[in-house]
Amino acid sequence: MPRTQPINTRFRRIYQHLSGADLAGSESPELSLEDLGLGTPQQLRGELVFGTYSPEGLERALRAYGLIQRVEERVGPVELRVQCEDPYRPRLVLWSRRFYAPVADLCLRKTIGAEVGLDDALATAPLLYVDSLLLQHPGRTFDWNRPPLPGQSHPGLALSGPILDLLLLMARRIGAEALALIPTTFSAACVYERRFLFVDGAAQGRFLAFKGAGQQRPRWLLAWAVELGCMRDARGQPVPFMPTPMLSPLSRRLIQHLDTREWDDALQVGARQPLALDEEALQQRFPWERMPPGPPPERVAELLGYDPLAPVAMH
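What this report covers is the structure whose coordinates are included nearby.

1. Some points on helix α8 (residues 201-213)
- Along its 13 residues, α8 runs 19 Å from first to last C-alpha, staying within 8% of the 18 Å computed at 1.5 Å per residue.
- Turning to α8, its buried residues are Gly-201, Ala-202, Ala-203, Gln-204, Gly-205, Phe-207, Ala-209, Phe-210 and Ala-213.
- Its side-chain oxygen 3.2 Å from the backbone nitrogen of Ala-202, Asp-200 forms the N-cap of α8.

Next up, the structure:
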């Protein structure tokens, strides 16, 4: 089984020191719940996010981990907005007061293993599922040192690792056995691979084959080649990236599920598939209109057949 990065050690220590009261408490303890006519704490737990977090508790935790501070170093003041009409399907948004736009936007829910293709005893394993995850710096624009990836409207925050660690710790806190998601693009899978593995070993192998085909090229350029259908197999047929579920396991039985001979054999078969980048197709399909102004780096220009005398409308 390929190795994934462990959860940040400092985060694990902070996790151990955050109590249930820290996470469920409000900022206004002067009046009791009974005084406010809101019932007992036991009655209200069902209204907490995943039965565990109040909005104030979520912000308290994010500040304890230092995440909000790190975001504010990049974009200025932010506020946490928690939408939880259904407390088991929350939406968490870090909203930039400077740019009037989200810098982080997460939709989460609790589900079971059957949804991501696990069967038998694992079909009922509780999972924390990431329906969508947006991280962006709305005040920055792209340049040729950091071109856009498929699906990006703004550059990222370079905080995906810490945020995924915190989601893993949230999964552990609420009794989930794994964090699960489906990467919508190959470039997203490249971000998640540090913490996640594909549930299907064959999908893991195909992902590694895509990566292997682009070893001599910038990652962002390979991401566009995959997105635009420019990868070919040995027969010259296009090989698309197929989004399938990924897991970051927390329980022993799910770790073992991704460490079986069957899973590894499927990985090896997929990884051995020879893939090649169709440079002619990439040149024809490349989205110049989405790229930064100005000429690309020389190596990229050569690969893409960039013509500095071409009409400006290309850009």
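Structure's up, so let's keep going.
2. Describing the environment of Ser-132
- Of note, Ser-132 is situated in strand β4 (residues 126-135).
- Along the chain, Ser-132 and Ile-255 lie 123 residues apart, while their C-alpha atoms are 24 Å from each other.
- Discounting chain neighbours no more than four positions away, the residues touching Ser-132 are Asp-105, Leu-106 and Cys-107.

3. Details of the pairing of strand β8 (residues 246-249)
- Burial of β8 is two-sided: the residues Met-246 and Ser-248 facing one way and the residues Leu-247 and Pro-249 facing the other way are all buried.
- Relative to β8, strand β5 (residues 178-181) runs antiparallel, the two being bridged by four bridges. The partner of Ala-180 across the bridge, within β8, is Leu-247.
- As paired strands, strand β6 (residues 197-198) and β8 are joined by two bridges and run antiparallel to one another. Looking across to β8, one finds that Phe-198 is bridged to Met-246.

4. What about the pattern of salt bridges?
- One pass over the full model with this rule turns up 13 salt bridges.
- One salt bridge connects Glu-177 with Arg-253, and the closest N-O pair in it is separated by 2.7 Å. Of this pair, Glu-177 sits in the loop between α6 (160-173) and β5 while Arg-253 sits in helix α10 (residues 252-257), placing them 76 residues apart in sequence.
- By relative accessible area, which is 14% here, Glu-177 ends up buried.
- Residue Arg-253 is classed as partly exposed on the basis of its relative accessible area of 32%.
- Where Lys-211 meets Glu-193, a salt bridge forms, and the shortest distance between an N and an O atom there is 2.7 Å. Placement of Lys-211 in helix α8 and of Glu-193 in the loop between α7 (186-192) and β6 is noted, with a sequence separation of 18 residues between them.
- Under the relative-accessibility criterion, Lys-211 is labelled partly exposed at 30%.
- Since its relative accessible area comes to 22%, Glu-193 is described here as partly exposed.
- When salt bridges with common partners are traced through the structure, they connect Glu-79, Arg-81 and Arg-97 into a single cluster.

5. Looking at the nonpolar core
- By size, the foremost hydrophobic cluster in this structure holds 80 residues, and its most contacted members are Tyr-65, Leu-128, Phe-186, Trp-220, Met-231 and Phe-286.
- Considering each element in turn, this core owes the most residues, eight residues, to α6.
- Discounting residues that sit within four places of it in the chain, Phe-286 has contacts with Trp-220, Leu-221, Trp-224, Leu-228, Met-291 and Leu-304.

6. Brief notes about the sheet that holds strand β2 (residues 91-96)
- Strands sit in the order β1-β2-β3-β4-β5-β8-β6 across an open sheet of seven strands; the sheet is mixed. Of all strands in the sheet, those bounded by a partner on one side alone are β1 (78-83) and β6.
- Looking at chain direction, β2 and strand β3 (residues 101-112) are connected through six bridges and run antiparallel. By the bridge assignment, Leu-94 is partnered in β3 with Ala-104.

Thresholds applied
Residues numbered from 1 in each chain as written. Predicted model: local features only at pLDDT ≥ 70, side-chain atom pairs only at ≥ 80, totals over all residues. Heavy atoms only, no water. Helix = DSSP H or I, 4+ residues; strand = E, 2+ residues; numbered from the N terminus. Expected span 1.5 Å × (residues − 1). Buried < 20%, exposed > 50% of the residue type's maximum accessible area, 1.4 Å probe, protein only. Polar contact = N/O pair within 3.5 Å; in protein donor to acceptor, adjacent residues only side chain to side chain. Contact = heavy atoms within 4.5 Å. Pairing = 2+ DSSP bridges. Salt bridge = Lys/Arg side-chain N within 4 Å of Asp/Glu carboxyl O. Core = buried A, V, L, I, M, F, W, Y, C linked by side-chain atoms within 4.5 Å.

Purely spatial values, then, with no claim about function.
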